[in-house]
Amino acid sequence: MKPLTLPMLLIVMLITATAGCSSVYQFAGIVVDGQGIGIDGAQIVLYPHDANKPESTAGQETLSDGTFESSWCCTPGVKFFRMTVSKTGYDDDNRIVPGDERNIRVVLSRKNKVSE
(Lines give C-alpha, C1' and ligand atoms only; values in the text may rest on other atoms or scores of the structure.)
Protein backbone atom coordinates (compact mmCIF):
# COMPACT_ATOMS: atom_id res chain seq x y z
CA MET A 1 0.00 0.00 0.00
CA LYS A 2 2.87 2.39 0.60
CA PRO A 3 3.85 2.67 -3.11
CA LEU A 4 0.29 3.79 -3.83
CA THR A 5 0.36 6.52 -1.18
CA LEU A 6 2.72 8.90 -3.00
CA PRO A 7 0.80 8.87 -6.32
CA MET A 8 -2.49 9.39 -4.47
CA LEU A 9 -0.99 12.30 -2.54
CA LEU A 10 0.23 13.87 -5.79
CA ILE A 11 -3.17 13.47 -7.41
CA VAL A 12 -4.91 15.11 -4.43
CA MET A 13 -2.42 17.99 -4.51
CA LEU A 14 -2.93 18.45 -8.26
CA ILE A 15 -6.71 18.51 -7.93
CA THR A 16 -6.51 20.99 -5.05
CA ALA A 17 -4.15 23.27 -6.98
CA THR A 18 -6.29 23.12 -10.12
CA ALA A 19 -9.49 23.86 -8.21
CA GLY A 20 -7.90 27.02 -6.83
CA CYS A 21 -7.13 28.27 -10.35
CA SER A 22 -10.72 28.80 -11.44
CA SER A 23 -13.52 30.96 -10.23
CA VAL A 24 -17.20 31.45 -10.96
CA TYR A 25 -18.42 35.03 -10.74
CA GLN A 26 -22.13 35.66 -10.15
CA PHE A 27 -24.02 38.77 -11.26
CA ALA A 28 -27.62 39.85 -10.67
CA GLY A 29 -29.69 42.94 -11.19
CA ILE A 30 -32.53 44.57 -13.06
CA VAL A 31 -32.91 46.37 -16.40
CA VAL A 32 -35.60 49.04 -16.53
CA ASP A 33 -36.82 51.80 -18.84
CA GLY A 34 -36.85 55.49 -17.95
CA GLN A 35 -40.06 55.05 -15.95
CA GLY A 36 -38.64 52.22 -13.84
CA ILE A 37 -40.58 49.44 -15.60
CA GLY A 38 -38.66 46.19 -16.07
CA ILE A 39 -37.62 45.38 -19.64
CA ASP A 40 -38.29 41.83 -20.76
CA GLY A 41 -35.78 40.10 -23.05
CA ALA A 42 -32.87 42.53 -22.78
CA GLN A 43 -29.58 40.82 -23.68
CA ILE A 44 -26.83 40.80 -20.99
CA VAL A 45 -23.24 40.08 -22.13
CA LEU A 46 -20.41 39.93 -19.56
CA TYR A 47 -16.70 39.33 -20.08
CA PRO A 48 -13.42 40.32 -18.32
CA HIS A 49 -12.75 44.05 -18.77
CA ASP A 50 -9.31 43.54 -20.28
CA ALA A 51 -10.41 40.89 -22.82
CA ASN A 52 -11.78 41.27 -26.31
CA LYS A 53 -15.54 41.02 -26.67
CA PRO A 54 -16.44 37.36 -27.18
CA GLU A 55 -17.28 36.31 -30.72
CA SER A 56 -20.50 34.77 -29.51
CA THR A 57 -22.64 37.58 -28.19
CA ALA A 58 -25.25 35.20 -26.83
CA GLY A 59 -25.77 36.07 -23.22
CA GLN A 60 -28.37 35.95 -20.53
CA GLU A 61 -31.76 37.56 -21.17
CA THR A 62 -33.79 39.45 -18.61
CA LEU A 63 -37.01 37.93 -17.28
CA SER A 64 -40.44 39.52 -17.78
CA ASP A 65 -39.90 41.76 -14.72
CA GLY A 66 -36.49 42.93 -16.01
CA THR A 67 -34.42 40.95 -13.52
CA PHE A 68 -31.44 38.82 -14.50
CA GLU A 69 -28.84 36.48 -13.07
CA SER A 70 -25.68 35.70 -14.99
CA SER A 71 -22.28 34.18 -14.38
CA TRP A 72 -18.75 34.00 -15.79
CA CYS A 73 -16.60 30.94 -15.23
CA CYS A 74 -13.04 29.84 -15.17
CA THR A 75 -11.01 33.05 -15.30
CA PRO A 76 -9.33 33.51 -11.92
CA GLY A 77 -8.31 36.87 -10.47
CA VAL A 78 -10.66 39.09 -12.50
CA LYS A 79 -11.75 42.13 -10.52
CA PHE A 80 -13.82 43.95 -13.16
CA PHE A 81 -16.03 42.90 -16.06
CA ARG A 82 -17.44 44.72 -19.08
CA MET A 83 -21.19 44.47 -19.28
CA THR A 84 -23.25 45.28 -22.36
CA VAL A 85 -27.02 45.45 -22.13
CA SER A 86 -28.98 45.69 -25.38
CA LYS A 87 -32.58 45.55 -26.53
CA THR A 88 -34.10 46.47 -29.88
CA GLY A 89 -35.57 49.97 -29.69
CA TYR A 90 -33.20 51.07 -26.90
CA ASP A 91 -29.68 52.49 -26.80
CA ASP A 92 -27.09 49.97 -25.59
CA ASP A 93 -25.68 50.38 -22.10
CA ASN A 94 -21.96 49.63 -21.71
CA ARG A 95 -20.33 49.67 -18.30
CA ILE A 96 -17.68 48.11 -16.10
CA VAL A 97 -18.92 46.18 -13.06
CA PRO A 98 -16.99 44.54 -10.23
CA GLY A 99 -16.85 40.74 -10.10
CA ASP A 100 -19.73 39.16 -8.14
CA GLU A 101 -21.85 42.34 -8.27
CA ARG A 102 -25.43 41.39 -7.37
CA ASN A 103 -27.07 44.79 -7.18
CA ILE A 104 -26.81 46.06 -10.76
CA ARG A 105 -29.45 48.52 -11.97
CA VAL A 106 -29.44 49.44 -15.65
CA VAL A 107 -31.74 52.09 -17.11
CA LEU A 108 -32.07 51.83 -20.90
CA SER A 109 -33.06 54.88 -22.94
CA ARG A 110 -35.34 54.59 -25.94
CA LYS A 111 -33.65 55.27 -29.27
CA ASN A 112 -34.55 58.62 -30.78
CA LYS A 113 -36.56 58.38 -33.98
CA VAL A 114 -35.14 60.68 -36.62
CA SER A 115 -37.73 62.56 -38.70
CA GLU A 116 -37.17 62.51 -42.42
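Residues numbered from 1 in each chain as written. Predicted model: local features only at pLDDT ≥ 70, side-chain atom pairs only at ≥ 80, totals over all residues. Heavy atoms only, no water.

1. A closer look at the overall build of the protein
For the protein, the helix and strand inventory stands at one helix and seven strands. For the protein, the succession of helices and strands along the chain, N to C, is α-β-β-β-β-β-β-β. Taken over 116 residues, the protein has a buried fraction of 26%. Of all intrachain contacts in the protein linking residues separated by at least 6 positions in sequence, the fraction that spans at least 24 positions is 59%. When the accessible area of the protein is evaluated, it comes to approximately 8,100 Å², of which 55% is carbon and sulfur surface. (Helix = DSSP H or I, 4+ residues; strand = E, 2+ residues; numbered from the N terminus. Buried < 20%, exposed > 50% of the residue type's maximum accessible area, 1.4 Å probe, protein only. Contact = heavy atoms within 4.5 Å. Areas by Shrake-Rupley, 256 points an atom, 1.4 Å probe, with all protein chains shown as cover.)

2. Some words on the pairing of strand 7 (residues 104-107)
Looking along a regular strand, one sees the side chains alternate between the two faces of the sheet. Here strand 7 shows one buried face, formed by I104 and V106, and one open face, formed by R105 and V107. Strand direction decides the pairing type here: strand 1 (residues 24-32) and strand 7, joined by four bridges, are parallel. Among the inter-strand pairings, V31 is bridged to a residue of strand 7, identified as V106. (Pairing = 2+ DSSP bridges.)

3. Here we look at the side chain of T84
Relative to the assigned elements, T84 resides in strand 5 (residues 80-86). Judged by its relative accessible area of 9%, T84 falls in the buried class. Among the polar contacts listed, one links the side chain of T84 to the side chain of N94, at a separation of 2.8 Å. When neighbours within four sequence positions are excluded, T84 is seen to be in contact with Q43, I44, V45, K53, D93 and N94. (Polar contact = N/O pair within 3.5 Å; in protein donor to acceptor, adjacent residues only side chain to side chain.)

4. A look at the nonpolar core
With 17 residues, the main nonpolar core has V31, M83 and V85 as its most contacted residues. Those elements giving two or more residues to this core turn out to be strand 1, strand 2 (43-48), strand 5 and strand 7. Discounting chain neighbours no more than four positions away, the residues touching V85 are V31, A42, Q43, I44, D92, D93, V106 and L108. (Core = buried A, V, L, I, M, F, W, Y, C linked by side-chain atoms within 4.5 Å.)

5. Some words on the environment of P48
If you trace the backbone, P48 turns up in strand 2. Owing to a relative accessible area of 5%, P48 belongs among the buried residues under this scheme. Taking the C-alpha atoms as reference points, P48 and T75, separated by 27 residues in sequence, lie 8.2 Å from one another. If near-sequence neighbours (up to four positions away) are discounted, P48 is found in contact with W72, T75, V78, F80, F81 and R82.

6. A closer look at the pairing of strand 6 (residues 93-98)
Looking at chain direction, strand 5 and strand 6 are connected through six bridges and run antiparallel. The partner of R82 across the bridge, within strand 6, is I96. Linkage of strand 5 to strand 6, two consecutive antiparallel strands, is achieved through a turn of six residues, within which G89 is found at a positive phi near 95°.

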